[in-house]
Amino acid sequence: MGDMLSQPVSKEEETRVKALGFLKDKRTPDRFNCRVITRNGKITAEEARAIAAAAEQFGSGEVAMTARLTMEIQGVPFDRIEPLREYLAQYGLETGGTGAKVRPVVSCKGTTCQNGLIDTFVLSEEIHERFYHGYRSVKLPHKFKIAVGGCPNNCLKPDLNDVGIIGQRIPQIDPEKCCGCKVCQIEKNCPIQAAKLMDGMIVIDENVCNHCGRCVGKCPFQAVTSSSDGYRICIGGRWGKRVAQGRYLDRVFTDREDVLRVVENAIVFFRDQGIPGERFADTIHRISFENVQRQLLEDGH
């Protein structure tokens, strides 16, 4: 790397190829790191082989993983950018993921994890198609990041994204089956102490419960066995130079289409009411969370 005969690339060309997912390696005059989109953080063995072969043929032979679950082929010379893109396209792979637009969605393992409550891969791929592809030509005030987490453990930190989606399992108590056991298995198994035995009856504090579902099925008398699975949506998170903690919308959603509708409403809202250069967190702060929430939950937005 760093061939002395390499010619510097103009700033205009740097900007053009950045939009294609090629970020300049500042140590070199003409080398770029190519971001390969993984759709939902998962690729096939064939795709992995194609990326590895592309790294050897067009780059430095190295592949780096980014924090947003894309894969970067390192050290691609400027004049090899288009041949690389053509090669990857043969395997259904694309480059990109930059600019003031909807960014590639990130996803945790979902139901392949022992704690996963929702199929994050399916939901993330649908978000990828609808909003990363479907809104590719939509210019936004700033980047817009979406994350899908399978449970309230928040390994993926959905609440530090512009929109975060978190899997939920909502416990329901059958008071007729509660025996008021001295050692209550529901209270014992609640990781955040939201469940308490009070006056001989199990009670779950909804202001504390994060709907992890750990208590469901733990009662030997089946006092807490039924539940509804769903999604919580968090808006206005941001990670970076200025961190902002996202806030949850008041509703827990049980229909995936309702979740997708709210995500779309959030993108459109940001497009129409955001100020160029501000992140969604700033838009929400300027307009107020309550006002933004009301508009996102309106069917006709």
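Residues numbered from 1 in each chain as written. Predicted model: local features only at pLDDT ≥ 70, side-chain atom pairs only at ≥ 80, totals over all residues. Heavy atoms only, no water.

1. Quick word on the overall build of the protein
- Along the backbone of the protein there are eight helices and eleven strands.
- Reported as C-alpha extents along the three principal axes, the dimensions of the protein are approximately 80 × 40 × 30 Å.
- A burial count over the protein gives 49% of its 301 residues as buried.
- Taking all contacts inside the protein whose residues are at least 6 apart in sequence as the whole, residues at least 24 apart take part in 65%.
- In the form shown here, the protein has an accessible surface area of approximately 15300 Å², with 49% of it arising from carbon and sulfur atoms. (Helix = DSSP H or I, 4+ residues; strand = E, 2+ residues; numbered from the N terminus. Buried < 20%, exposed > 50% of the residue type's maximum accessible area, 1.4 Å probe, protein only. Contact = heavy atoms within 4.5 Å. Areas by Shrake-Rupley, 256 points an atom, 1.4 Å probe, with all protein chains shown as cover.)

2. Details of the packing of helix H6 (residues 256–273) against helix H7 (residues 280–287)
- Across the interface, H6 lies against H7 with an axial gap of 11 Å and an inter-helix angle of 75°. As far as their axial angle goes, H7 and H6 are roughly perpendicular. On H7, the residues touching Ala266, Phe269, Phe270 and Gln273 of H6 are Phe280, Thr283, Arg286 and Ile287.
- For the contact of H6 with H7, the residue count by class is five nonpolar, two polar and one charged. (Axes fitted to C-alpha atoms, helices over the stretch in contact; angles between N-to-C directions. Parallel < 35°, antiparallel > 145°, perpendicular 65-115°, else oblique. Nonpolar A, V, L, I, M, F, W, Y, C, P; charged D, E, K, R; others polar.)

3. Some points on the nonpolar core
- By size, the foremost hydrophobic cluster in this structure holds 34 residues, and its most contacted members are Ile127, Phe144, Val163, Ile165, Ile235 and Phe280.
- Per element, the largest residue contribution to this core is nine residues, and it comes from H6.
- Setting aside chain neighbours within four positions, we find Ile165 in contact with Leu123, Ile127, Ala147, Val148, Gly149, Pro158, Tyr231, Arg232, Val259 and Val263.
- Formed by 20 residues, the second largest nonpolar core is a distinct cluster that contains Phe22, Cys34, Ile73 and Ile81. (Core = buried A, V, L, I, M, F, W, Y, C linked by side-chain atoms within 4.5 Å.)

4. Some details on the sheet that holds strand E6 (residues 146–149)
- If you walk across this open sheet you meet the five strands as E5-E6-E7-E10-E11, and the pairing is mixed. The sheet is open, and its two borders are formed by strand E5 (106–107) and strand E11 (247–248), each paired with just one other strand.
- Sheet topology places E6 next to strand E7 (residues 163–171); four bridges connect them, and they run parallel. Opposite Ile146, over in E7, you have Val163 as the bridge partner.
- Packed on one face of the sheet, helix H4 (residues 120–133) meets E5, E6, E7 and strand E10 (227–235) and runs near 165° to E6. (Pairing = 2+ DSSP bridges.)

5. Considerations on the packing of H6 against helix H8 (residues 289–296)
- Packing of H6 against H8 brings their axes to within 9 Å, and their N-to-C directions diverge by 125°. Between H6 and H8, the angle is such that the two are oblique. As H6 packs across H8, the resulting crossing turns out to be right-handed. Residues Arg261, Val262, Asn265, Ala266, Phe269 and Gln273 of H6 lie in contact with H8, whose contacting residues are Val292, Gln295 and Leu296.
- Here the contact of H6 with H8 is built from residues that sort into five nonpolar, three polar and one charged. (Left-handed = near helix turned anticlockwise from the far one by under 90°.)

6. With respect to the packing of aromatic side chains
- Applying the stated rule across the entire model yields eight aromatic pairs.
- Between Phe32 and Phe78, the aromatic rings sit 6.1 Å apart at their centres with planes inclined by 45°, giving tilted as the arrangement. One end of the pair, Phe32, is in strand E2 (residues 31–36); the other, Phe78, is in the loop between strand E4 (71–77) and helix H3 (81–89), with 46 residues separating them in the sequence.
- For Phe78, a relative accessible area of 25% puts it in the partly exposed group.
- Centroid distance Tyr87 to Tyr91: 5.5 Å. Interplanar angle 50°. Geometry classified as tilted. (Phe/Tyr/Trp six-rings, centres within 6.5 Å; stacked < 30°, edge-to-face > 60°.)

7. Some points on the pattern of salt bridges
- Under the counting rule described, the total for this entry stands at 21 salt bridges.
- Its salt-bridge partner being Arg35, residue Glu72 comes within 3.0 Å of it at the nearest N-O pair. Here the residue Glu72 occupies a position in strand E4, and Arg35 occupies one in strand E2, the gap between them amounting to 37 residues.
- Given a relative accessible area of 11%, Glu72 falls into the buried group.
- When salt bridges that share partners are traced, they join Glu126, Arg130, Arg256 and Glu257 into one network. (Salt bridge = Lys/Arg side-chain N within 4 Å of Asp/Glu carboxyl O.)

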